[in-house]
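Read off the chains here:
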Amino acid sequence: MRVMVFVKATEDSEAGVMPSHELIEAMGRFNEELVKAGVLLAGDGLKATSHAKRVAFDGPARTVIDGPFAETRELVAGFWLWEVKDMEEAVAWVKRCPNPMPGPSEIEIRPLITPEEFAAWLDAEQAERYASNRAQHAGL
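The model shown is predicted, which means the values in this text are computed figures rather than measured ones.

Conventions and cut-offs
Residues numbered from 1 in each chain as written. Predicted model: local features only at pLDDT ≥ 70, side-chain atom pairs only at ≥ 80, totals over all residues. Heavy atoms only, no water. Helix = DSSP H or I, 4+ residues; strand = E, 2+ residues; numbered from the N terminus. Buried < 20%, exposed > 50% of the residue type's maximum accessible area, 1.4 Å probe, protein only. Contact = heavy atoms within 4.5 Å. Areas by Shrake-Rupley, 256 points an atom, 1.4 Å probe, with all protein chains shown as cover. Lys, Arg positive; Asp, Glu negative; His and termini not counted. Charge placed at Lys NZ, Arg CZ, Asp CG, Glu CD. Patch = residues over 30% accessible without salt bridge, like charges linked within 9 Å, V, L, I, M, F, W, Y side chains within 5 Å. Salt bridge = Lys/Arg side-chain N within 4 Å of Asp/Glu carboxyl O. 1 Å grid on protein atoms, 1.4 Å probe; cavity = no way out; pocket = protein on both sides within 12 Å on 5 of 7 lines; lining within 4 Å. Points joined across faces, edges and corners; volume = space filled by probe spheres on them. Nonpolar A, V, L, I, M, F, W, Y, C, P; charged D, E, K, R; others polar.

1. Some words on the overall build of the protein chain
And then number 1: In terms of regular secondary structure, the protein chain is built from five helices and six strands.
And then number 2: Ordered by position from the N terminus, the helices and strands of the protein chain form the series β-α-α-β-β-β-β-α-β-α-α.
And then number 3: Here the protein chain, with 140 residues, has 23% of them falling under the buried criterion.
And then number 4: Taking the contacts inside the protein chain whose residues are at least 6 apart along the sequence as the reference set, 75% of them involve residues at least 24 apart.
And then number 5: Entry remark: accessible area of the protein chain is about 9800 Å², with carbon and sulfur atoms responsible for 55%.
And then number 6: Of the charged side chains in the protein chain, 15 are positive and 23 negative; the average position of the first set lies 1 Å away from that of the second.

Rendered as structure tokens:
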């Protein structure tokens, strides 16, 4: 089962406050454990939303919205993509994670839709195109 693990933003992360050297080292050790266990597929920190843009869709119209964005607790400061046995394993790993922020913080775990689940919604031509695209980008 693949899961996306979101480190939620805080006022500090949105202000561009970088983590302490101790936290960087602790997270590095945690990431090494994830790699050794074969769990970590990808992961990184994200810049504050003051560097971001959103594109709003309304029918054929596209509107570009410059950051920063409000509602800090709903924003993402970093992510991991993990391969785990089940949600319980993902929760167990998150519980071992150093607190990613200097104060209170949250990490959200969301399962990815499996290729089989997604393909079930497609017609035969779409399913074939989807399978071909996934095969070409299997490393992602």
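2. Section: a nonpolar patch on the surface
And then number 1: On the surface, Val55, Phe57 and Val64 cluster together to form a nonpolar patch covering roughly 310 Å² of accessible area.
And then number 2: Within the fold, Phe57 resides in strand β3 (residues 53–58).

3. Things to note about unusual backbone geometry
And then number 1: The omega torsion across Gly67 and Pro68 is 10°, close enough to zero to call that bond cis.
And then number 2: When you line up the elements, Pro68 lands in the loop between β4 (61–66) and β5 (76–83).
And then number 3: Positive phi is not limited to glycine here, since Glu71 has a value of about 55°.
And then number 4: Mapping Glu71 onto the fold places it in the loop between β4 and β5.

4. Comments concerning the layout of surface pockets
Once rolled over the atoms, a probe with the size of a water molecule shows which space is left empty.
And then number 1: Here the largest pocket is characterised by a volume of approximately 780 Å³.
And then number 2: Lining the largest pocket are 30 residues; nearest its centre among them are Pro19, Gly45, Leu46, Ala77 and Pro100.
And then number 3: For the lining of the largest pocket, the elements supplying multiple residues, two or more each, are α1 (11–14), α2 (21–36), β2 (40–45) and β5.
And then number 4: Residues of the lining of the largest pocket, tallied by class, amount to 17 nonpolar, nine polar and four charged.
And then number 5: In this structure, the second largest pocket encloses a volume near 160 Å³.
And then number 6: Lining the second largest pocket are Lys8, Ala9, Thr10, Glu11, Thr72, Arg73, Pro104, Ser105 and Glu106.
And then number 7: Grouping the constituent residues of the lining of the second largest pocket by class yields two nonpolar, three polar and four charged.

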